[in-house]
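Each chain is listed here by its residues.
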Amino acid sequence: MDVEAFARRLPKAELHLHIEGTLEPELMLRLARRNKLKLRFPDVEAVRRAYRFQGLQSFLDIYYEGAAVLRTQRDFHDLAWAYFGRAAKDGVRHAELFFDPQTHTQRGVALGEVVEGLEAAMTRARRELGVTSKLILCFLRHLSEEAAQATFSQARPYLDRIAAVGLDSSEKGHPPRKFERVFARARSEGLLAVAHAGEEGPPGYVEEALDLLKVRRVDHGVRCAEKPALVERLAREGVPLTVCPLSNVKLKVFPDLARHNLKALLSRGVRVTLNSDDPAYFGGYVLDNYVAAARALALSPLHLWTLARNSIEASFLSGQEKRALVGDIMKVGAAYEDADPPRRPRRAARSRRS
Ligand code: HPA
Ligand code: ZN
């Protein structure tokens, strides 16, 4: 069985996925036409040509520009439905979607349009594709704490449909501590917490996310490797990292995939998961991330199996739901061993000395 077939068959959860980052150029142009908006790109090729990034900020500038075509509930439904179709083909069984309310409310789009549209696609994905999902409301960290507090107040009517809060956008200069109070408020309302940290920001931001924001997972987190005591802590406390290999190369966090540290982190006992981040912008969906990482880093089937299992265990599904999916992962592992039994080392021929 080849890597791609094996990785596809493994039931997976995708835990680091910005739904606005799944906006493919074709859909961007279609929504611009539908909403009678003018884009500076004449065609799909021009959009794709613009996708060369020097780092996180140059990506974010174009990402927010693209998101401006999203206006109505129907647009958000179409966006998420397109993602779920691709995810299901990749063997994703559960997805936890980030969305950025401020990107939309700042343009005058009501939060209800966003949530209702996404929810319609989520309900359809569960029924028609067997893919379950949850929503994570992210605060934009380049905006103020007051803006985050106001966003959370606006989200109050929808809190029963939101599993967690997150923190994204420009990391450098916007440490997690800036959002300590709004995260405490969200947790007191029963929401879980995650945050981007240690993508472009230093290891200290990962520690702040854990200690001040009380996150259950760290998004990216790869710069933890610069502080060995932090890597040990993540492993000891079982804190999952939602790692996005293709994103990290596109945004120059690593010069190439062969130099990514995800395999080293796995070997040090960190609960690494693989995810696509903003797949329309970074050249691949979750299966592409598994396959590219496996090829560049010589990951074994056991590594892939572990990554898939970590993704289920790091999700916000219930214990019962996790056990069912882990059971399915076990079956894929067993089927692989039957089809492709591990080669036993041949017993050393007894030396016959005369
Ligand atoms: N980092 C920070 N903010 C983001 C990202 C990311 O990778 N993707 C979308 N918003
Ligand atoms: Zn991200």
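Each remark here, short or long, concerns the structure printed above.
Each chain carries its own residue numbering, running from 1 in the direction its sequence is written. Throughout, the order in which chains and ligands are written sets their labels, letters from A for the former and numbers from 1 for the latter. Confidence filtering applies because this is a predicted model: local features only for residues at pLDDT of at least 70, side-chain atom pairs given and counted only at 80 or more, and all residues used for totals across whole chains, interfaces and linings. As a convention, hydrogens and water are excluded, and side-chain values are obtained from all of the structure's heavy atoms.

Caption draft 1: Local environment of the overall build of the chain. The helix and strand inventory of the chain stands at 17 helices and eight strands. Every radius of gyration here is taken over C-alpha atoms, with the globule rule written as 2.2 Å times N^0.38, N being the number of residues. The C-alpha atoms of the chain give 21 Å as radius of gyration, which agrees with the globular expectation for 354 residues (20 Å, within 12%). Along the first, second and third principal axes, the C-alpha set of the chain runs to 90 × 40 × 40 Å. For the chain, the proportion of its 354 residues judged to be buried stands at 55%. Summarising the internal contacts of the chain: among those between residues at least 6 apart in sequence, 76% fall at separations of at least 24. We count Lys and Arg on the positive side and Asp and Glu on the negative side, and we leave His and both chain ends out. Where a charge sits is defined by one atom per residue type, namely NZ (Lys), CZ (Arg), CG (Asp) or CD (Glu). Distance between charge centroids for the chain: 5 Å, based on 56 positive and 45 negative side chains. Only DSSP runs of H or I covering at least 4 residues are called helices, and only runs of E covering at least 2 are called strands; the numbering of each starts at the N terminus. Type-normalised accessible area, obtained with a 1.4 Å probe on protein chains alone, sets the label of each residue: buried when under 20%, exposed when over 50%, and partly exposed for intermediate values. Only heavy atoms enter the contact rule, under which two residues are in contact if any of them lie within 4.5 Å.

Caption draft 2: Spotlight on the coordination of the zinc ion (ligand 2). Note that water is not among the atoms considered, so a metal site may appear incomplete; the donors listed are N, O and S atoms within 2.8 Å of the metal, with 3.2 Å applied to Na, K and Ca. Within the first shell, the zinc ion (ligand 2) binds the protein through His16 (NE2), His18 (NE2), His196 (NE2) and Asp277 (OD), at distances of 2.0 to 2.2 Å. Key to geometry: four donors with every angle between 85 and 135 degrees are tetrahedral; four donors are square planar and six octahedral where opposite donors lie over 155 degrees apart and all remaining angles lie between 65 and 115; all other sites are irregular. Coordination at the zinc ion (ligand 2) comes from four donor atoms whose angles at the metal span 82 to 172°, giving a geometry best classed as irregular. In primary sequence terms, the donor set of the zinc ion (ligand 2) follows H-x1-H-x177-H-x80-D. Placement of His16 in strand β1 (residues 12-18) and of Asp277 in the loop between β8 (271-274) and α14 (279-282) is noted, with a sequence separation of 261 residues between them. The buried category is assigned to His16, whose relative accessible area is 0%. The exposure class of Asp277 is buried, given its relative accessible area of 2%.

Caption draft 3: View of the environment of Ala186. Following the sequence through the fold, Ala186 ends up in helix α9 (residues 180-188). As a C-alpha pair, Ala186 and Tyr285 span 99 residues in sequence and 30 Å in three-dimensional space. Leaving out residues up to four positions away in the same chain, Ala186 has contacts with Phe152, Val165 and Leu191.

Caption draft 4: The arrangement of the nonpolar core in detail. Counting 116 residues, the largest nonpolar core has Tyr83, Phe84, Phe99 and Tyr281 as its most contacted members. What Tyr281 contacts, discounting residues up to four positions off in sequence, is Glu20, Gly21, Leu23, Met28, Tyr51, Phe53, Phe59, Ile62, Tyr63, Gly66 and Lys250. Cys138, Ala164, Val194 and Phe316 belong to the second-largest nonpolar core, a separate cluster that totals six residues. What makes a nonpolar core is a set of buried Ala, Val, Leu, Ile, Met, Phe, Trp, Tyr and Cys residues whose side-chain atoms join them at distances within 4.5 Å.

Caption draft 5: View of the site of ligand 1. Being near a molecule or strand, for a residue, comes down to having at least one heavy atom within 4 Å of it. As a matter of local geometry, ligand 1 sits amid His18, Leu56, Phe59, Leu60, Tyr63, Asp168, Ser169, His196, Glu199, His220, Asp277 and Asp278. Against a free-state accessible area of 260 Å², the protein chains account for coverage of 100% of ligand 1. Looking at which element gives the most residues to the shell around ligand 1, the answer is helix α4 (residues 56-67), with four residues. Only the protein chains shown count as cover for residues, with accessible areas throughout obtained via the Shrake-Rupley method and a probe of 1.4 Å.

Caption draft 6: Fine view of the sheet that holds strand β7 (residues 240-243). Only strands joined by at least two bridges in the DSSP assignment are considered to pair. Ordered by their spatial adjacency, eight strands build an open sheet running β1-β2-β3-β4-β5-β6-β7-β8, and the pairing between neighbours is parallel. Each edge of the open sheet is held by one strand with a lone partner, namely β1 and β8. In this sheet, adjacent strand axes meet at a mean angle of 25° when their direction is disregarded. As paired strands, strand β3 (residues 132-140) and strand β4 (residues 164-168) are joined by five bridges and run parallel to one another. Paired with Phe139 across the bridge in β4 is Leu167. Packed onto the sheet, helix α10 (residues 203-211) meets β5 (192-197) and β6 (217-220) and runs at close to 175° relative to β5. Simply put, an axis is a line fit to the C-alpha atoms, just over the touching stretch for a helix, and the angle between two N-to-C directions goes from 0 to 180 degrees.

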